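Close look at the chain arrangement
So you can see what is in the structure, the chains are spelled out below.
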Amino acid sequence: MKKSAVIKKICFYVVFILLLLLFLYPFYLVLLNSLKTNKEVILDSLALPQALNFEGYQKAFEKMNYLQSFGNSLIVTSLSIFLLVIIAAMCAYLFARKNWKINNIIFMVMVASMIIPFQTIMIPIVKNFSAFDLTDNLFAVVFFYLGAHVSLAVFMYHGFIKNIPYELEEAARIDGCGQLGILFRIIFPMLKPITSTIVILDVLAIWNDFLLPFILLYKNSLKTLPLMTYSFVGQYSTDYSLVTAGLVLTILPIIILYLFLQKQIIEGVSQGAIK
Amino acid sequence: MKSSKIKNVVSFLVFAGPAVTVFFLVIILAFINGIQLTFTDWNGLSDTYQYIGFRNYADAFADTAFWTSLLRTFQYVVCVVVFTNIIAFLIAYFLTRGYKGQGFFRVAFFTPNLIGGVILGIVWKFVFSEVFVQLGRKYEIGIFQSNWLSSPDTAFLALVVVAVWQLAGYLMLIYMAGIISVPKDVLEAAKLDGAVGFRGIRHIVLPLIMPSITIATFMSVKTAFMAYDVNLSLTNGGPFQSTELVAMRVYNKAFQAEQYGVGQTEALILFVIVAVISIIQVSITKKREVEA
């Protein structure tokens, strides 16, 4: 009995360490080769660098217009998330508290709309946004994300608010608090767990989104990080030292964030999946 | 009575107004416009277009490239959904048994999901076309001696490998949440009745985590059907359009061939197919859900 438990344990670690290598090795290869010259990469991509070479980083940083594309991604993501959380919480609060016909109908339409794949609305989006001269405009991209992500956020908030007892609001109402005051002073702080789930899921989705900015942003100065990385790699596809350095620059900020927030991120995604 | 009605309208506008407005302007308007576009000859540039009846539908049904790519997408979806779910479940199963370091493994396996598909595609393109080829030549490993991305079958396989590699970590979290919520005493009782190992998984664990299976299959089906990013940066549909999945086909039809009407029609057909499959899948797996 005891012996078989030990064998099981050994098997577990052997298999899972192999799996770990499989999952993380590609990232290691990118990091390793980003520190070599292109010649070294082509000669032997598994060998350690003869001397640390940061030239790729310097060049990639410049050519990718790194600070600007990083800034663009940051503006789009943070503004979208900030507005999304506010409008979704307000809408869900009304829908959860007032059992009006129109609320129920819109809520049902929102839930049903979540099955629509992006490809189905992609062409009309380009058409409508061009018609109002909204291409090459970061705020238009934010506007799209609000519309595209609001139904899931409303849905998640709605389920959560339904479980908050109504009596809590009564006391505040007697104290003369208005509806907006009640929502933001009393309800909103209680929504913290679900808010962090929504923020995490949507930050990942928006920060990494490619296709929408790809069809709406053309100017280099407005490109988001994934977009810029893609066109950069397209230009220098044969210079592996440069390509891998560019990849590290793109991946690194997320990994650093992950190191600090791993618990919250894993928890948030797990919660989001159950809902 | 009247003033309370006005009050209601005001609070609707204040609370739901912004969310409902952006939702309708972005999603609903585009969806309706999308249906309308399938009956026009819009060329992507001009403000005017003609209504041409069902000609786009006739063109879409006659477009063999679209149906070939749809068939390929079906194969891709089946491979990705089956492998990802099995691997994710097995990982989740062993990571909930109380071994030391399981939290670390969980964090590590999820990592690919933090990074966008286009970036992952570029990473793997480097691995497939440079690292593996060098390895294959150096150690004379048969399957790596030629670049996987340069022949149709192996390029397709490469797409599946990357998708499974990425998605498994996500589904793992869903399955872990499901397995953790199975009551301990049920498992103990099953053990006493002799349901251990594989039999325990099949007769006790799987039926009890049916809700997780519903969500995980739904997610993987939808993700696999919509796959575009990795497809673009890993194979770009090549070699010779052999790995062009349907999402990319629709994009190319519209934006490269500039046949927006036909492209949109094909996108709508894709929507109907995905919706029907999702509904069937959810209703089948939901039926098998049991109470602990």
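For the structure, see preceding data.
Right, let's walk through the structure included here.

Conventions adopted
Throughout this description, residue numbers start from 1 for each chain and increase along the sequence as written. By the order in which they are written, chains take letters starting at A while ligands take numbers starting at 1. Since the coordinates come from a predicted model, pLDDT governs what is reported: local features require at least 70, and pairs of side-chain atoms require 80 or more to be given and counted, while whole-chain, interface and lining totals use all residues. To obtain the side-chain values, all non-hydrogen atoms of the structure were used and water was disregarded. Counting from the N terminus, the helices are the DSSP runs of H or I reaching at least four residues and the strands are the DSSP runs of E reaching at least two. Relative accessible area decides the class of each residue, using a 1.4 Å probe on protein chains only: under 20% of the type maximum gives buried, over 50% gives exposed, and in between gives partly exposed. The salt bridge definition used is simple: a Lys or Arg side-chain nitrogen within 4 Å of an Asp or Glu carboxyl oxygen. For the purposes of this section, nonpolar cores are sets of buried Ala, Val, Leu, Ile, Met, Phe, Trp, Tyr and Cys residues that join through side-chain atoms within 4.5 Å. Any two residues whose heavy atoms approach within 4.5 Å at even a single point are treated as in contact. Note on definitions: buried area is the accessible-area loss of two parts on being combined, 1.4 Å probe, summed for both. Throughout this description, a polar contact denotes any pair of N or O atoms lying within 3.5 Å of each other; where both atoms belong to protein, one of them has to be capable of donating a hydrogen while the other can accept it, and for residues adjacent in sequence the pair is counted only when both atoms sit in side chains. When residues are sorted by character, Ala, Val, Leu, Ile, Met, Phe, Trp, Tyr, Cys and Pro go into the nonpolar class, Asp, Glu, Lys and Arg into the charged class, and all the rest, Gly among them, into the polar class. Working definition: a ring pair exists when centres of Phe, Tyr or Trp rings (six-membered ring for Trp) sit within 6.5 Å. Plane angles under 30 degrees give stacked, over 60 give edge-to-face, the rest tilted. Working rule for helices: expected span equals 1.5 Å times residues minus one.

**Remarks on unusual backbone geometry**
Non-glycine residue Asp 133 of chain A carries a positive phi angle of around 60°. Considering the arrangement of structural elements, one finds Asp 133 of chain A in the loop between helix H6 (118–131) and helix H7 (138–162). Since its relative accessible area comes to 63%, Asp 133 of chain A is described here as exposed. Within the chain, Gln 241 of chain B stands out as a residue other than glycine whose phi angle is a positive 60°. Checked against the element boundaries, Gln 241 of chain B lands in the loop between helix H11 (229–235) and helix H12 (246–256).

**Section: the pattern of salt bridges**
Summed over the entire model, instances satisfying the criterion amount to 4 salt bridges over all chains. The shortest N-O distance in the salt bridge between Asp 44 of chain A and Lys 138 of chain B comes to 3.2 Å. One end of the pair, Asp 44 of chain A, is in the loop between helix H2 (38–43) and helix H3 (55–63); the other, Lys 138 of chain B, is in helix H6 (residues 117–139), on a second chain. Glu 169 of chain A is the salt-bridge partner of Arg 97 of chain A, the closest N and O atoms lying 2.7 Å from each other. Taken together, the residues Arg 97 of chain A in helix H4 (residues 66–97) and Glu 169 of chain A in helix H8 (residues 167–174) connect sequence positions 72 residues apart.

**A look at the nonpolar core**
In terms of nonpolar packing, the biggest core is built from 197 residues, with Phe 95 and Tyr 157 of chain A together with Tyr 76 and Phe 109 of chain B touching the most fellow members. With 18 residues, the single largest contributor to this core is helix H7 (residues 152–180) of chain B. With near-sequence residues (within four places) excluded, Phe 109 of chain B lies in contact with Phe 16, Leu 19, Leu 20 and Phe 23 of chain A together with Ile 91, Leu 95, Gly 169 and Met 172 of chain B.

**Points about the interface of chain A and chain B**
Listed per partner, the contact involves 86 residues of chain A and 83 residues of chain B. When chain A packs against chain B, the two sides together hide about 7,600 Å² of surface, and 81% of this comes from carbon and sulfur. Summed over the shared surface of chain A and chain B, the number is 1 salt bridge. At the junction of chain A and chain B, the tally comes to 16 residue pairs in polar contact (both at pLDDT 80 or more). For the side of chain A that touches chain B, the class distribution of residues is 66 nonpolar, 16 polar and 4 charged.

**Things to note about the packing of aromatic side chains**
Applying the stated rule across the entire model yields 51 aromatic pairs over all chains. A ring pair is formed by Phe 39 of chain B and Tyr 57 of chain B, whose centres lie 5.5 Å apart and whose planes are at 35°; its orientation type is tilted. With Phe 39 of chain B in the loop between helix H2 (17–37) and helix H3 (55–62) and Tyr 57 of chain B in helix H3, the pair connects residues that are 18 residues apart, well separated along the chain. Residue classification places Phe 39 of chain B among the partly exposed positions, given a relative accessible area of 24%. Residue class for Tyr 57 of chain B comes out buried when judged on its relative accessible area of 16%. Arranged with centres 5.8 Å apart and planes meeting at 85°, the rings of Phe 89 of chain B and Tyr 175 of chain B form a pair that is edge-to-face. Of this pair, Phe 89 of chain B sits in helix H4 (residues 64–94) while Tyr 175 of chain B sits in helix H7; the two residues are 86 residues apart in sequence, bridging distant segments of the chain. Tyr 175 of chain B gets classed as buried once you look at its relative accessible area, which sits at 3%. An aromatic cluster is built from Phe 12, Tyr 13, Phe 16 and Phe 23 of chain A together with Tyr 99, Phe 104, Phe 105 and Phe 109 of chain B, whose rings are joined through pairwise contacts.

**A few points about helix H9 (residues 179–190) of chain A**
Taking 1.5 Å per residue, 12 residues should reach 16 Å; H9 of chain A reaches 16 Å between its end C-alpha atoms and fits that length. Those residues of H9 of chain A not exposed but buried are Gly 181, Ile 182, Leu 183 and Ile 187 of chain A.

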